[in-house]
Amino acid sequence: MLTSRTFLRRTRAGAVMKVVREHYLRDDISCGAAACGLCGGTGEEGGPATGPPLEVQPSGAASSLCPAPHYLLLDTNLLLHQIDIVEDPVIRNVIILQTVLQEVRKRSAPVYKRIKDVLANPEKHFYSFTNEHHKETYIEQEKGENSNDRNDRAIRVAVKWYNEHLRKIQTEEKMQVILLTNDRKNKEKALEEGITAYTCEEYIKSLIANPELVDRLASLNDEENEIESGRIIFSEHIPLSKLQHGIKSGLYLQGTFRANRDNYLEATVWVHGDGDEREIIIPGLKNLNRAVHEDIVAVELLPKDVWVAPSSVILLDDEDQNEEDGEKEEERENSLKNTVIKSMLRPTGKVVGIIKRNWRPFCGMLSKSHIKEARRHLFTPADRRIPRIRIETRQASVLEGQRIIVAIDGWPRNSRYPNGHFVKNLGAAGDKETETEVLLLEHDVPHQPFSQAVLSFLPQMPWSITDQDMKFREDLRHLCVCSVDPPGCTDIDDALHCRDLENGNLEVGVHIADVSHFIRPGNALDEESAKRGTTVYLCEKRIDMVPELLSSNLCSLRSNVDRLAFSCIWEMDHNANILKTRFTKSAINSKASLTYAEAQMRIDSSSMNDDITTSLRGLNKLAKILKKRRRDNGALTLSSPEVRFHMDSETHDPIDLQTKELKETNSMVEEFMLLANISVAQKIYDEFSEHALLRKHPAPPPSNYDVLVKAAKSKGLEIKTDSAKNLADSLDSAESPSFPYLNTLLRILATRCMMQAVYFCSGMDNDFHHYGLASPIYTHFTSPIRRYADIIVHRLLAVAIKADSTYPDLTDKHKLADLCKNLNYRHKMAQYAQRSSVAFHTQLFFKNKGAVNEEAYILFVRKNAIVVLIPKYGLEGTVFFEEKDKPKPTLLYNDEIPSLTVEGTTFYTFDKVNVKIMLDASNIQHQKIRMALTEPKVLNSSDPTQAIKLSSDNEPDKKKKKLE
């Protein structure tokens, strides 16, 4: 059956074109009920419907409203707003109409993805019915009817058809379809038409055996959930249409809202325009106006006479707050306002509207109300940048002390906090498994087991190299190739060789695991790897980007087994000048898998002269020349303390913690990885100038260096920052014979001034320069087991040397730019997750160790605290000089020469102090390392509110420099 629609459309050239849209209708689409013999039941004859069949006798939760067997049919709004309820195992036997699915897809990509996952779950019995192509459920839009009303009518028509259809099925008990809708008008019309319809709340509250599900209901109407105080705290948000007009006219600015982790009364908005990137400060609760971290907001600039400087105060919202705290809040805001130098003032504004919410499910803990029998409680998120959330729950006593997930539903104007609902209980706070789950969820790290669909694309075992595999490959199994990695490394993605040539030159090869041989474009394995973007290294576990069969076996360049590789081979003279470069797919057999220490021992040993050792010595000699040449060109050598934990073999708790020691061999591997990345970058750009995947590191704006320049000046040193070369030279010469650690501290501080290195598509950008490496072009080629960017680079290189064929997405610069955006996000989140894992294990270490006194150096001076670094542990923390409920000491802060005077004692950046370190477990939600000053002694230096941070601000990399 065919129906068609005709309309006229004007082309760009101005001509009028007649368009006919044909819409095919069928009579063989299954209803999906397993008991149905009328239409093939499960649709196995190929009807265009998806999902497992609906059960013969629906055995979902028993309902007091509808005790008879029934299926549920959900409308669009209910799916969009109550997805947490829909995903619960109790809710089964649900029909999702094509109309609803299409609307959800248009309105919310994340919810659509969650619905598709539910449809794929055989235990849920969710069935997608293609009502728009069924001849008895398809309807035309009537004259004067808007699309929303037409879709609501289509939903009601489908429910009626289902109920008539199910009446014909011969079963012991008659089944019916119930419509669940939160749309008042749709429900009223459904009841008028004789359809059984309930709101989500009515149905969920009727479930006899599952009262806990009520907690997961999203509160939809902000007005109904407002506290009856009548006091308006926030101004009304301007509607989106007016915001868009205001942004076009320049009245408002659009940007990303970034909450301040250390001061809940301040945020910044990053405005991204055409070449115009600037930061606007948002001071005070009222100006923040209900924006949440990472929301896209519209900002109105305030007059210049009320502009402020960024606050140097650390202010954490750890108190029990309630709605009547407004006066205290205002007092606090006023106390932060003080006289500042005019040059320090920054553009200041207020949030006037929300363009796009970035709400997600948040992990944290319940702060139970002190009122007996109360059902309203505050939830405190683990991320300090997220405000507390008010939820209703009857399970408060059960959830106390547990890590839970909560979603935000709305934020009324007269409430200090947003409203939300309980989603899931993760387990007891402090439990290692629970805390790991929290940090993975909080940093949006995909960590679910690989699905069967993904695993189905893995090669069959046992696997070996075939003649077909060698078709476009060079056999290099005779070469003396070896790998050098950290101890315990199982995902070995690179190996090296160096040998003398007959002409007196040297041949040097970098051999990288050929992961792209096993992961073909567009299949489920490829899509999952692209989504994950990177392997995430936590202290105790690794979240792989690719399944273990590849990461630790077939792609890992282990010793004495044949492996497929992608090789970059140079002919060099003895001064490390490149004479020739070639790239080839290859087969190798590594002769040794060494640790950095083992490789170093071979190089240093006078008695060892075998082929492997000779190769390593040749590589090391060349690497030293390459490193010097890079540094002479202005490449930076920065520093960031990294810590390594030694675990108890039984409890897996950390028993020792120390900073990692780098050997010459670390640098050796690094130099050749950098060289390979640069060589490959040039090759793929020469071949694909518009769609090469490259990596750049932007030069920091001059203002970023203020803290470094001032800190060096306080020690009588000058740091030049006008170029990377001058910065590198300044850092090299900034030595103090009486203070040898000063240079390391300066390099740590310089790391903080840097911008983030990012992936980009060459056809979408014209600035390729890598500031930290002083290289005009750069990419990532050397770690395809753990970085998806490298897989794309391998594919580009394979096409460039005619070892593989191209595919459409590889030469689509817009798709490549979108991919880069996801990869940059995943790398940043992986880095944050790694730091959180270090912070958690550091807490476990000090929990077992008790109080410790250690030497520390001041990294930053704040208005009410000093931030110190303890070199022994690579640990950073804050010493506060103000304590709650204690007399405030006299604090004098000087920003020009960063210093803080406390009761007559002055602290400067880089001063050496002594601190006592201990775990403060008084707040189980935010357990933290507490630091108290022991030398020099001053008043009130023992406040426990300290947040741990791992020092590096750059990409974690197990072998290469942070800046890479």
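Residues numbered from 1 in each chain as written. Predicted model: local features only at pLDDT ≥ 70, side-chain atom pairs only at ≥ 80, totals over all residues. Heavy atoms only, no water.

**Things to note about the overall build of the protein**
Then comes step 1: Scanning the protein from N- to C-terminus turns up 23 helices and 38 strands.
Then comes step 2: Residues classed as buried in the protein amount to 54% of the 964 residues present.
Then comes step 3: If you take every contact in the protein between residues at least 6 apart in sequence, the share linking residues at least 24 apart comes to 69%.
Then comes step 4: When the accessible surface of the protein is totalled, it reaches about 43,400 Å², and 49% of it is carbon and sulfur. (Helix = DSSP H or I, 4+ residues; strand = E, 2+ residues; numbered from the N terminus. Buried < 20%, exposed > 50% of the residue type's maximum accessible area, 1.4 Å probe, protein only. Contact = heavy atoms within 4.5 Å. Areas by Shrake-Rupley, 256 points an atom, 1.4 Å probe, with all protein chains shown as cover.)

**Re the pattern of salt bridges**
Then comes step 1: All told, the structure shown has 52 salt bridges when counted by the stated rule.
Then comes step 2: Linking Asp295 and Arg357 is a salt bridge whose minimum nitrogen-to-oxygen distance equals 2.5 Å. Within this pair, whereas Asp295 is found in the loop between helix H9 (285–288) and strand E11 (296–301), its partner Arg357 is found in the loop between strand E12 (349–356) and strand E13 (362–367), the two being separated by 62 residues in sequence.
Then comes step 3: Take Asp295: its relative accessible area is 0%, and that puts it in the buried class.
Then comes step 4: Linked by salt bridges that have partners in common, Asp84, Glu87 and Arg114 make up one network. (Salt bridge = Lys/Arg side-chain N within 4 Å of Asp/Glu carboxyl O.)

**Observations regarding the side chain of Glu571**
Then comes step 1: Along the chain, Glu571 falls in strand E24 (residues 562–572).
Then comes step 2: Ignoring sequence-local partners within four residues, the contact set of Glu571 consists of Leu501, Asn503, Asn505, Leu506, Asn577, Ile578, Leu579 and Lys580.

**Overview of the sheet that holds strand E4 (residues 94–97)**
Then comes step 1: Taken together, the five strands give an open sheet; going across it, the order is E5-E4-E3-E6-E7, and neighbouring strands pair in parallel fashion. The sheet is open, and its two edges are formed by strand E5 (126–129) and strand E7 (197–198), each paired on a single side.
Then comes step 2: Alignment of strand E3 (residues 70–74) against strand E6 (residues 176–180), held across five bridges, turns out to be parallel. When the bridges of E6 are listed, Leu73 appears paired with Leu179.
Then comes step 3: Where helix H5 (residues 147–167) meets the sheet, its contacts fall on E3, E4, E5 and E6, and the angle it forms with E6 comes to roughly 160°. (Pairing = 2+ DSSP bridges. Axes fitted to C-alpha atoms, helices over the stretch in contact; angles between N-to-C directions.)

**Quick word on the state of the cysteines**
Then comes step 1: Tallied over the full model, the rule gives zero disulfides.
Then comes step 2: With no disulfide of its own, Cys761 lies 6.4 Å from the sulfur of Cys820, the closest cysteine sulfur.
Then comes step 3: Residue class for Cys761 comes out buried when judged on its relative accessible area of 2%. (Disulfide = S-S within 2.5 Å.)

**Quick look at helix H4 (residues 109–119)**
Then comes step 1: Taken as a whole, H4 has its buried residues at Val111, Tyr112, Ile115, Val118 and Leu119. One side of H4 holds all its buried residues, which, seen down the axis, span an arc of 120°. For H4, the exposed residues lying more than 90 degrees away from the buried face are Ala109 and Pro110.
Then comes step 2: Buried residues in H4 make contact with helix H1 (76–81), helix H2 (83–86), E4, helix H3 (98–107) and E5.
Then comes step 3: Regarding H4, its N-cap is Ser108, as a side-chain oxygen of that residue lies 3.3 Å from the backbone nitrogen of Val111 further along. (Arc of directions from axis to C-beta. Polar contact = N/O pair within 3.5 Å; in protein donor to acceptor, adjacent residues only side chain to side chain.)

**Digging into the packing of helix H18 (residues 664–687) against helix H22 (residues 788–800)**
Then comes step 1: Interaxial distance between H18 and H22 falls to 9 Å at its minimum, and their mutual angle equals 60°. In this view, H18 runs oblique relative to H22, as classed from their interaxial angle. In this structure, H18 crosses over H22, and the sense of that crossing is left-handed. In contact with Val680, Lys683, Ile684 and Glu687 of H18, H22 contributes Val793, Leu796, Leu797 and Ala800.
Then comes step 2: Of the residues contributing to the contact of H18 with H22, the split by class is six nonpolar, no polar and two charged. (Parallel < 35°, antiparallel > 145°, perpendicular 65-115°, else oblique. Left-handed = near helix turned anticlockwise from the far one by under 90°. Nonpolar A, V, L, I, M, F, W, Y, C, P; charged D, E, K, R; others polar.)

**Some remarks on the nonpolar core**
Then comes step 1: Ranked by internal contacts, the top residues of the largest apolar core, which has 91 residues, are Phe672 and Leu693.
Then comes step 2: Top contributing element to this core by residue count: H22, with 10 residues.
Then comes step 3: Not counting the four nearest positions on each side in its chain, Phe672 is found in contact with Leu496, Val508, Val510, Trp570, Met572, Leu619, Leu622, Ala623 and Leu626.
Then comes step 4: Formed by 57 residues, the second largest nonpolar core is a distinct cluster that contains Leu73, Leu78, Tyr112 and Val159. (Core = buried A, V, L, I, M, F, W, Y, C linked by side-chain atoms within 4.5 Å.)

**As for the sheet that holds strand E38 (residues 928–935)**
Then comes step 1: Taking strand neighbours across the sheet as the criterion, the five strands line up as E33-E32-E31-E37-E38 in an open arrangement whose pairing is antiparallel. The open sheet terminates on both sides in strands that have one partner only, identified here as strand E33 (875–880) and E38. Adjacent strand axes in the sheet meet at a mean angle of 45° when their direction is disregarded.
Then comes step 2: Pairing geometry for strand E32 (residues 865–870) and E33, over six bridges, is antiparallel.

**Quick word on the packing of aromatic side chains**
Then comes step 1: Applying the stated criterion across every chain yields a total of 12 aromatic pairs.
Then comes step 2: Three or more aromatic residues joined by ring pairs form one cluster here, namely Phe129, Trp161 and Tyr162.
Then comes step 3: The ring of Tyr759 is capped by Arg695, whose NZ or CZ atom sits 4.5 Å from the centre of that ring. (Phe/Tyr/Trp six-rings, centres within 6.5 Å; stacked < 30°, edge-to-face > 60°. Lys NZ or Arg CZ within 6 Å of the ring centre and 35° of its normal.)

**A closer look at the pairing of strand E16 (residues 402–410)**
Along any regular strand, the residues point their side chains to alternate faces of the sheet.
Then comes step 1: Most of E16 sits out of view: nine of its nine residues are buried.
Then comes step 2: In terms of strand pairing, E13 meets E16 through four bridges, oriented antiparallel. Looking across to E16, one finds that Cys363 is bridged to Ile405.
Then comes step 3: Pairing of E16 with strand E17 (residues 419–428), which is carried by eight bridges, proceeds in the antiparallel orientation. Bridging from a neighbouring strand, Arg403 pairs with Gly427 of E17.

**Structural notes on the environment of Lys863**
Then comes step 1: Within the fold, Lys863 resides in the loop between strand E31 (852–861) and E32.
Then comes step 2: Relative accessible area serves as the criterion here: at 17%, Lys863 is assigned to the buried category.
Then comes step 3: Remark: the alpha-carbon pair of Lys863 and Leu891, spanning 28 residues in sequence, is separated by 7.5 Å.

**Re H5**
Then comes step 1: Compared with an ideal rise of 1.5 Å per residue, which puts 21 residues at 30 Å, H5 spans 31 Å between its outermost C-alpha atoms and is within 8% of the ideal.
Then comes step 2: At the N-terminal end of H5, a side-chain oxygen is found 3.2 Å from the backbone nitrogen of Asn148, two or three residues along, and the residue is Asn146. (Expected span 1.5 Å × (residues − 1).)

**As for the confidence of the model for the protein**
Then comes step 1: Averaged over every residue, the pLDDT of the protein is 84; residues scoring 70 or more account for 86%.
Then comes step 2: Within the model, pLDDT remains below 50 along residues 42–49, and this stretch shows 14 contacts once partners closer than five positions in the same chain are excluded.
Then comes step 3: When the criterion is pLDDT under 50, residues 940–963 qualifies, and its contacts beyond four places in sequence or with other chains add up to 118 contacts. (pLDDT = per-residue confidence, 0-100.)

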